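Residue strings, one per chain:
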Amino acid sequence: MAKAELVFQPYGKRLEVEAGRTVLEVARHIGVSVSSVCGGRGLCGKCKIIVQDGESHLSAPTKAERQALSREDLKNGFRLACQAVVKGIGTITVEVPSESRVDQQKLLLKGLERKVELAPAIRRLTLSLDKPSLADAKSDVDRLVEAANSATGFKLKVDHEALKQIPHVIRKGDWTVTVTLWKNGEITAAEPGETHGLYGFAVDVGTTKLAGYLVDLVNGKIAATASMMNPQIPYGEDVISRIKFIMENPDNIAKLQQSVVEGVNQLIREACMKAKTTPANICDITVAGNTAMHHIFLGVPPNYVALMPYPAALQSSVDVKARDLALDVGYGAYVYTLPIVSGFVGGDAVADVLATGINMADELSMLIDIGTNTEIVLGNKDRLVACSCASGPAFEGAHIKHGMRASSGAIEQVWVDPETFEVGFKTVEDDKPRGLCGSGIVDVVAQLLKTGLIDRSGRLSRKVDTPRLKANAKAAEFVVAWKDETSVGNDIAVTQGDIREIQLAKAAIYTGASILMKKFGVKAYDVQRVFLAGAFGTYVDPQNAKIIGMYPDVPLERVHFIGNTAGSGARMTLLSVDARKTASDIARRVEYVELGADPDFQSEFLKATYLPHQESERFQSVSRLLGKAARAS
Ligand code: FES
């Protein structure tokens, strides 16, 4: 069949394709990352491409495109990659504009971590075996297992792949052999002679990023780290889009699983290269991820997580052979996945609790891991309650007109002069601005509130006289960066719609926190520590986040940034089997609170959409601050 040729610029990548495929499908196929927040359903408008040539070989613009793109955009060749279908024979050249590219995000690897005693699930044991003789012609495997049993006092079984290696290995080592023992129950590998060096790999499988840590299990230190964007992103940027993709076709779970496994293999190779070792020396892997990521990683369908009453397919921790998941490490290695709490509170939240130790503390702590789904855990050594809030992807820049992830050129900090309304900003890597990431948008909203450019309902003022405020009867926006300051050829502004998105997102988080406090029978002042986890929770200005009412009004000195604690928790379970027991205990102990089932949920949410809150007495310190700012202006 005659085919069309699709060329992607500025990458210069090209592919011959049959008619009927969307440009987004082809982009995914050849590894061109195009932003696709809604997973290709024509809803987010983020997958813009510009057709440079061969327009007639594409389908006509759809209704979704006419809604998402202005007439002028359409005239200038803009299309949505998920809507434009290849139809004719000929060459089509499309450009992926910078706003649609999924670039390397500022990825966070470090996180708070409690010290644990080094007692991993694996250890090495060197054995000297008696050579067989006519008087003692015992089998090779029996000889080795008997020696190992008598040295350890355990009754060990042998991995099937290890079985195949043993006859050669013991002869190669002249009857000295080093075995790897897993949980004192299984010989997972055998090597000739006396070998040293034992590595494990801990992975945080996030919706957006993968973070990997190669750990030397002899001294417990991190030998190397590696991180990357989650390669599943082209299939949808949030978990719901990916679950919907899986629901469309039962074969799709294999595609997603394969892509994440390939990503983890890449991290393993990179980290091993940095540490001058090889993946074959990795004998144990631990994985923390939210429930959907965890299920997909294991190849377990996450379909029902998205359907009422949102049950997880499995909750307990799992030990599975790495080779069964196509992970390229030592042949007998196991993968341990942290247990999960519920459909929307996953192993990453369990890892957060493990790393902070709030489950063992006397003080009452609130842990907020901000993401598309924000998990909140409130508690102490006596009780733990948790919920998941649908905060949406606004803090990751989605659903925001000029929103983007925290990659190069993203405006991440903003200041507004209260008198002149002039703006100062800082971008990621000090590049020319391309858009606003979550921390930048929070700064803008807080600053607009402080300077009186928006009121407590979030409405942009029509009265203040500044060229940065552009308003007419239908729409209003505040310009953060003028066209000539940016690299995208247009003003970067925060619109009234963007402010609403931020209000909804922060209201979702605050509502979760306030319902958990109600369940616990405490007030904001009783919360002695607030831990903000995750990348957004690390880069956001805590004062500005409080000004908009994202978390309860506690003194700033009680707020702690803890970084990527999901990675830290995964590492702790690699270092210690006791930490695995604690993780199971945490998952069992956490009382999951379904926010939607709480009778106060709707009214709490509505009140929380105000800035910082409709009931100003809940945010007394912010009210004082706003009062002071108003008097000063
Ligand atoms: S509109 Fe195309 S991916 Fe969302």
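Here is a short report on the structure shown in this document.

So, how was this worked out
Residues numbered from 1 in each chain as written. Predicted model: local features only at pLDDT ≥ 70, side-chain atom pairs only at ≥ 80, totals over all residues. Heavy atoms only, no water. Helix = DSSP H or I, 4+ residues; strand = E, 2+ residues; numbered from the N terminus. Rg over C-alpha atoms; globule rule 2.2 N^0.38 Å. Buried < 20%, exposed > 50% of the residue type's maximum accessible area, 1.4 Å probe, protein only. Contact = heavy atoms within 4.5 Å. Lys, Arg positive; Asp, Glu negative; His and termini not counted. Charge placed at Lys NZ, Arg CZ, Asp CG, Glu CD. Salt bridge = Lys/Arg side-chain N within 4 Å of Asp/Glu carboxyl O. Pairing = 2+ DSSP bridges. Axes fitted to C-alpha atoms, helices over the stretch in contact; angles between N-to-C directions. Polar contact = N/O pair within 3.5 Å; in protein donor to acceptor, adjacent residues only side chain to side chain. Patch = residues over 30% accessible without salt bridge, like charges linked within 9 Å, V, L, I, M, F, W, Y side chains within 5 Å. Areas by Shrake-Rupley, 256 points an atom, 1.4 Å probe, with all protein chains shown as cover. Core = buried A, V, L, I, M, F, W, Y, C linked by side-chain atoms within 4.5 Å. Parallel < 35°, antiparallel > 145°, perpendicular 65-115°, else oblique. Nonpolar A, V, L, I, M, F, W, Y, C, P; charged D, E, K, R; others polar. Phe/Tyr/Trp six-rings, centres within 6.5 Å; stacked < 30°, edge-to-face > 60°. Lys NZ or Arg CZ within 6 Å of the ring centre and 35° of its normal.

## Considerations on the overall build of the chain
Of regular secondary structure, the chain possesses 17 helices and 27 strands. For 633 residues, the compact-globule estimate of 2.2 N^0.38 gives 26 Å, and the C-alpha radius of gyration of the chain, at 27 Å, lies within 12% of that figure. Each principal axis of the C-alpha distribution contributes one length, and for the chain these read about 100 × 70 × 45 Å. Here the chain holds 633 residues, and the buried ones make up 58% of them. Excluding contacts between residues fewer than 6 apart, the proportion of contacts in the chain whose partners are at least 24 apart in sequence is 68%. The average position of the 74 basic charges and that of the 74 acidic charges among the side chains of the chain differ by 2 Å.

## Considerations on the pattern of salt bridges
Counting across every chain of the model gives 32 salt bridges. Across the pair Lys 183 and Asp 319 runs a salt bridge whose closest N-O atoms are separated by 3.1 Å. Within this pair, whereas Lys 183 is found in the loop between β8 (176-182) and β9 (186-192), its partner Asp 319 is found in strand β14 (residues 318-321), the two being separated by 136 residues in sequence. A residue is classified by how much of its surface remains accessible, and Lys 183, at 40% relative accessible area, is partly exposed. Judged by relative accessible area, which is 32%, Asp 319 ranks as partly exposed. The salt bridge partner of Asp 491 is Lys 470, with a shortest N-O separation of 2.9 Å. Separated by 21 residues along the polypeptide, Asp 491 in the loop between β23 (476-481) and β24 (492-495) and Lys 470 in strand β22 (residues 469-471) bring together distant segments of the chain.

## Let's talk about the sheet that holds strand β25 (residues 529-533)
Spatial ordering of the open sheet is given by β26-β25-β16-β17-β18-β27, a layout of six strands whose pairing is mixed. Here the strands that pair on one side only, and so sit at the sheet edges, are β26 (559-563) and β27 (591-592). Where strand β17 (residues 374-379) and strand β18 (residues 384-389) come together, six bridges link them in antiparallel fashion. Paired with Thr 374 across the strands is Cys 389, a residue of β18. Contacts from helix α11 (residues 496-520) reach β16 (365-369), β17 and β18, with the element oriented near 25° to β17.

## Details of helix α6 (residues 239-248)
Among all positions of α6, only Val 239, Ser 241, Arg 242, Ile 243, Phe 245 and Ile 246 are buried. Those residues of α6 that are buried are in contact with α1 (23-29), α7 (252-274) and α8 (291-298). A side-chain oxygen of the first residue of α6 lies 3.2 Å from the backbone nitrogen of Ile 240; this N-cap is Asp 238.

## What to know about a nonpolar patch on the surface
A cluster of nonpolar side chains, contributed by Met 247, Tyr 304 and Leu 307, occupies part of the molecular surface with about 300 Å² of accessible area. Residue position: Met 247 is located in helix α6. Residue classification places Met 247 among the partly exposed residues on the basis of a relative accessible area of 36%.

## Some remarks on the pairing of strand β11 (residues 209-216)
Most of β11 sits out of view: eight of its eight residues are buried. Where burial is concerned, the two faces of β11 agree: the one with Lys 209, Ala 211, Tyr 213 and Val 215 and the one with Leu 210, Gly 212, Leu 214 and Asp 216 are both buried. Relative to β11, strand β10 (residues 199-205) runs antiparallel, the two sharing seven bridges. The residue of β11 that forms the bridge with Asp 204 is Ala 211. Adjacent in sequence and paired antiparallel, β10 and β11 are bridged by three residues. Inspection of the sheet shows β11 paired to strand β12 (residues 222-229) by seven bridges, in the antiparallel sense. Bridging from a neighbouring strand, Leu 210 pairs with Met 228 of β12. If you look at the hairpin formed by β11 and β12, you'll find five residues sitting between the two strands, and Gly 220 has a positive phi there, around 80°.

## Comments concerning the nonpolar core
In terms of nonpolar packing, the biggest core is built from 69 residues, with Leu 378, Phe 478 and Met 550 touching the most fellow members. Beyond its immediate stretch of four places on either side in the chain, Leu 378 contacts Leu 364, Ser 365, Met 366, Arg 383, Leu 384, Val 385, Leu 516, Met 517, Phe 520, Val 522 and Val 527. Ranked by size, the runner-up nonpolar core spans 42 residues in total, among them Ala 226, Leu 267, Ala 292 and Met 293.

## Points about the packing of helix α9 (residues 347-356) against helix α14 (residues 565-575)
The N-to-C vectors of α9 and α14 enclose an angle of 75°; their axes lie 7 Å apart at closest approach. Between α9 and α14, the interaxial angle falls into the category roughly perpendicular. Of the residues in α14, those in contact with Asp 348, Ala 351, Asp 352, Leu 354, Ala 355 and Thr 356 of α9 are Thr 565, Ala 566, Ser 568, Gly 569, Ala 570, Met 572 and Thr 573. Residues that form the contact of α9 with α14 fall into these classes: six nonpolar, five polar and two charged.

## Concerning unusual backbone geometry
Looking along the chain, the bond that leaves Met 308 and enters Pro 309 is cis, with omega of -5°. The residue Pro 309 is located in the loop between α8 and β14 in this model. A positive phi angle, near 65°, is found at Ala 326, a position not held by glycine. Within the secondary structure, Ala 326 is located in the loop between β14 and β15 (334-337). Given a relative accessible area of 52%, Ala 326 falls into the exposed group.

## Description of the packing of aromatic side chains
Throughout the structure, instances matching the rule amount to five aromatic pairs. Ring centres of Tyr 310 and Phe 344 lie 6.0 Å apart, and the angle between their planes is 75°; on these two criteria the pair is classed as edge-to-face. In this pair, Tyr 310 is assigned in the loop between α8 and β14 and Phe 344 in the loop between β15 and α9, connecting sequence segments 34 residues apart. When its relative accessible area of 28% is taken as the criterion, Tyr 310 is described as partly exposed. Relative to Phe 619, the ring of Tyr 510 has its centre 5.4 Å away and its plane inclined at 50°; by these criteria the two rings are tilted. Pair noted here: Tyr 510 is in helix α11 and Phe 619 is in the loop between α16 (601-608) and α17 (620-632), with a separation of 109 residues, a long-range link. The same class applies to Tyr 510 as to Phe 619, namely buried. The ring centre of Phe 520 lies 5.2 Å from the NZ or CZ of Arg 383, which sits over that ring. Residue placement shows Arg 558 over the ring face of Tyr 525; its charged tip is 4.4 Å from the ring centre.

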